[in-house]
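Single-letter residue listing:
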Amino acid sequence: MDELRTVLITAPDIETGQGIARRLVEERLAACANIVSDVTSIFRWEGEVQEVREVLLIIKTTAARTSALIRRAAELHPYDVPEVLALPVLAGYEPYLDWVRDGCAGEPL
């Protein structure tokens, strides 16, 4: 059975986040994505501390799809260096985990 991953991606606005999430699900690289709006991100970029409003995508996928998802997310993303982090899923409700696996099954588009 394929291990699962949760992938975190920040995006500049809800429309961009929805577009990325929809493409990843349509292409079967992810089973689903949650979008959390109104996230404040503070980071250093080009020597300056920045503070911006973003949205956070919480994406569920399989370990087998993770590398392709990361590549595709970077292609779709408007940032030069997008935040795309994959975290292991250690445990969960087995019927939901099976649903995620099924949602990523088959050939990606």
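As a reminder, the structure under discussion sits directly above these lines.
A.B. asks: Looking at this model, I keep getting lost on the overall build of the protein chain. Mind explaining?
C.D. replies: Along the protein chain, the regular secondary structure elements total three helices and four strands. Relative to the globule expectation of 13 Å for 109 residues, the C-alpha radius of gyration of the protein chain, 14 Å, shows essentially globular dimensions. Across its three principal directions, the C-alpha atoms of the protein chain cover 45 × 30 × 20 Å. Taken across its 109 residues, the protein chain has 33% of its residues classed as buried. The long-range share in the protein chain, meaning contacts at least 24 apart out of those at least 6 apart in sequence, stands at 73%. Treating the 11 positive side-chain charges of the protein chain as one cloud and the 18 negative ones as another, the clouds have centres 4 Å apart.

A.B. asks: It is not clear to me how the pattern of salt bridges should be interpreted in this structure. Could you clarify?
C.D. replies: Oppositely charged side chains may form a pair once their charged atoms are brought near each other. Taken as a whole and judged by the stated rule, the model has seven salt bridges. Note that glutamate 27 and arginine 72 form a salt bridge whose closest N and O atoms lie 2.9 Å from each other. A residue pair is termed long-range when its members are at least 10 positions apart, and glutamate 27 in the loop between helix H1 (14-26) and strand S2 (32-45) and arginine 72 in helix H2 (residues 63-76) qualify at 45 residues. On the basis of relative accessibility, which here comes to 17%, the residue arginine 72 falls in the buried class. Connected via shared salt-bridge partners are Arg23, Glu27, Arg72 and Glu75.

A.B. asks: How do you make sense of the sheet that holds S2 when you look at a structure like this?
C.D. replies: For sheets, the rule is that strands pair by backbone hydrogen bonds, running either parallel or antiparallel. Read from one edge of the open sheet, four strands run S2-S3-S1-S4, paired in antiparallel fashion. Each end of this open sheet is capped by a strand with a single partner; those strands are S2 and strand S4 (84-88). Going across the sheet, the axis of each strand differs from the next one's by a mean of 30°, ignoring polarity. H1 contacts strand S1 (4-11), S2 and strand S3 (48-62) of the sheet and is inclined by roughly 125° relative to S2. The sheet strands contacting helix H3 (residues 94-103) are S1, S2 and S3, and the helix crosses S3 at an angle near 95°.

A.B. asks: Where do I start with the environment of arginine 5 in this structure?
C.D. replies: Along the chain, arginine 5 falls in strand S1. Between the alpha carbons of arginine 5 and alanine 30 there is a distance of 9.7 Å; along the sequence they are 25 residues apart. Each residue touching arginine 5, except ones within four places of it in the same chain, is listed here: Ile59, Lys60, Thr61, Thr62, Ala63, Thr66, Leu87, Pro88 and Val89. Among the polar contacts listed, one links the side chain of arginine 5 to the side chain of glutamate 3, at a separation of 3.5 Å.

Rules used in this analysis
- Residues numbered from 1 in each chain as written.
- Predicted model: local features only at pLDDT ≥ 70, side-chain atom pairs only at ≥ 80, totals over all residues.
- Heavy atoms only, no water.
- Helix = DSSP H or I, 4+ residues; strand = E, 2+ residues; numbered from the N terminus.
- Rg over C-alpha atoms; globule rule 2.2 N^0.38 Å.
- Buried < 20%, exposed > 50% of the residue type's maximum accessible area, 1.4 Å probe, protein only.
- Contact = heavy atoms within 4.5 Å.
- Lys, Arg positive; Asp, Glu negative; His and termini not counted.
- Charge placed at Lys NZ, Arg CZ, Asp CG, Glu CD.
- Salt bridge = Lys/Arg side-chain N within 4 Å of Asp/Glu carboxyl O.
- Pairing = 2+ DSSP bridges.
- Axes fitted to C-alpha atoms, helices over the stretch in contact; angles between N-to-C directions.
- Polar contact = N/O pair within 3.5 Å; in protein donor to acceptor, adjacent residues only side chain to side chain.

Don't take any of this as a statement about function, it's just geometry.
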